[in-house]
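# Coordinates in review
Here's the letter readout for the chains.
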Amino acid sequence: VYDSMEPHVTGIFWNQRQPLFRRPEIRRALTLAINRREMYQVLNLPERTPLFDVIPTMRQLQGAEELPEPLPYDPEQAKRLLGEAGWRDSDGDGLRDRDGKTLRFTAVVWAGWGLENAAVYIQAQLRRVGIQMEIQTLEGSVMNDRFLAGEFEAAIYRIILGNLNDYRLKPIDSDFD
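Residues numbered from 1 in each chain as written. Predicted model: local features only at pLDDT ≥ 70, side-chain atom pairs only at ≥ 80, totals over all residues. Heavy atoms only, no water.

Okay, the overall build of the protein next. A tally of helices and strands in the protein yields 6 helices and 7 strands. Listed N to C, the secondary structure of the protein is β-β-α-α-α-α-β-β-β-α-β-α-β in terms of helices and strands. Among the 177 residues that make up the protein, the fraction classed as buried is 43%. At a minimum sequence separation of 6, the contacts of the protein that also span at least 24 residues come to 65%. (Helix = DSSP H or I, 4+ residues; strand = E, 2+ residues; numbered from the N terminus. Buried < 20%, exposed > 50% of the residue type's maximum accessible area, 1.4 Å probe, protein only. Contact = heavy atoms within 4.5 Å.)

What follows is the structure, encoded as structure tokens:
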């Protein structure tokens, strides 16, 4: 989600330092499993709100550089990619597993900006393809510290965009509202 009044990108970030998210096909499958346009409607966001699969630069947002096309909503392709990576529902419980481990992770989310609603929506979308996403809601300073330190599996977070060609992370703080 991008808002030109306060240039920021809000999204779900897959921590590639975590073993589950190291493989690009897994990150791709997770993104394909989420109907982001429908989520925008559920969250009452404007229909024109752009989709991104990257953290864009200000130059891209201002139209000076092309943004790559976002991935479509395609849960069948997501299921196929997960199956090819060895994640299948071997015990019939509706959740994918591999080597005795369930496909499960925790997404941290800041308790503000309506991000909890986005988390619940994403959780339901991922469940449809056999993934269990737990939600851990954190207060602003704790969320910011964990995100900046990379101490999360997935994070639903807002990045404030900086100067042209660049972005920076700013602390989430109640003064930002």
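With that settled, the discussion passes to the nonpolar core. Of all hydrophobic cores here, the largest spans 42 residues; its most connected members are Leu30, Leu82, Phe105, Leu126 and Ile131. No other element matches helix H5 (residues 115-127), which puts 6 residues into this core. (Core = buried A, V, L, I, M, F, W, Y, C linked by side-chain atoms within 4.5 Å.)

With that settled, the discussion passes to the side chain of Arg27. Summarising the element assignment, Arg27 is placed in helix H1 (residues 24-32). Although Arg27 is buried, it forms no salt bridge, and the closest oppositely charged side chain is Glu25 at an N-O distance of 7.4 Å. (Lys, Arg positive; Asp, Glu negative; His and termini not counted. Salt bridge = Lys/Arg side-chain N within 4 Å of Asp/Glu carboxyl O.)

Further remarks concern the pairing of strand E5 (residues 104-110). In terms of burial, E5 is largely enclosed, as 5 of its 7 residues are buried. Two strands pair when backbone bridges link them, and E5 and strand E6 (residues 132-138) are joined in this way by 7 bridges, in the parallel orientation. The residue bridging Trp110 from the neighbouring strand is Leu138, located in E6. The parallel pair E5 and E6 is bridged by H5, and the resulting crossover is right-handed. (Pairing = 2+ DSSP bridges. Right-handed = clockwise from strand over helix to strand, strands pointing away.)

Residues other than glycine seldom take positive phi values, yet Asp99 does so here, at roughly 55°. Positionally, Asp99 belongs in the loop between strand E3 (97-98) and strand E4 (101-102).

Before going further, it helps to examine helix H6 (residues 140-149). Listed as buried for H6 are Gly140, Met143, Asn144 and Phe147. Viewed along the axis of H6, the buried residues span an arc of 100°, placing them on a single side of the element. One or two residues past the end of H6 sits Gly150, with phi positive at roughly 75°. (Arc of directions from axis to C-beta.)

What follows deals with the pattern of salt bridges. Side chains that differ in sign of charge can pair as their charged atoms come close. Going through the model one piece at a time under the given rule, you end up with 4 salt bridges. Its salt-bridge partner being Glu84, residue Arg80 comes within 2.8 Å of it at the nearest N-O pair. A residue pair is termed a helical-turn pair when its members lie 3 or 4 positions apart in one helix, as Arg80 and Glu84 do in helix H4 (residues 75-84) at 4 residues. When its relative accessible area of 43% is taken as the criterion, Arg80 is described as partly exposed. For Glu84, a relative accessible area of 56% corresponds to the exposed category.

Another aspect to go through is the confidence of the model for the protein. Overall, the predicted model of the protein reaches an average pLDDT of 83, with 81% of residues at or above 70. The lowest-confidence element of the protein is strand E1 (residues 2-3), averaging 46 in pLDDT; the highest-confidence one is H4, averaging 98. A low-confidence stretch, residues 163-177 (pLDDT under 50), is modelled with 40 contacts involving residues beyond four sequence positions or located in other chains. (pLDDT = per-residue confidence, 0-100.)

Let's shift gears to the environment of Phe52. On the secondary structure map, Phe52 appears in the loop between helix H2 (36-42) and helix H3 (58-61). It is 8.7 Å that separates the C-alpha atoms of Phe52 and Val9, two residues lying 43 residues apart in sequence.

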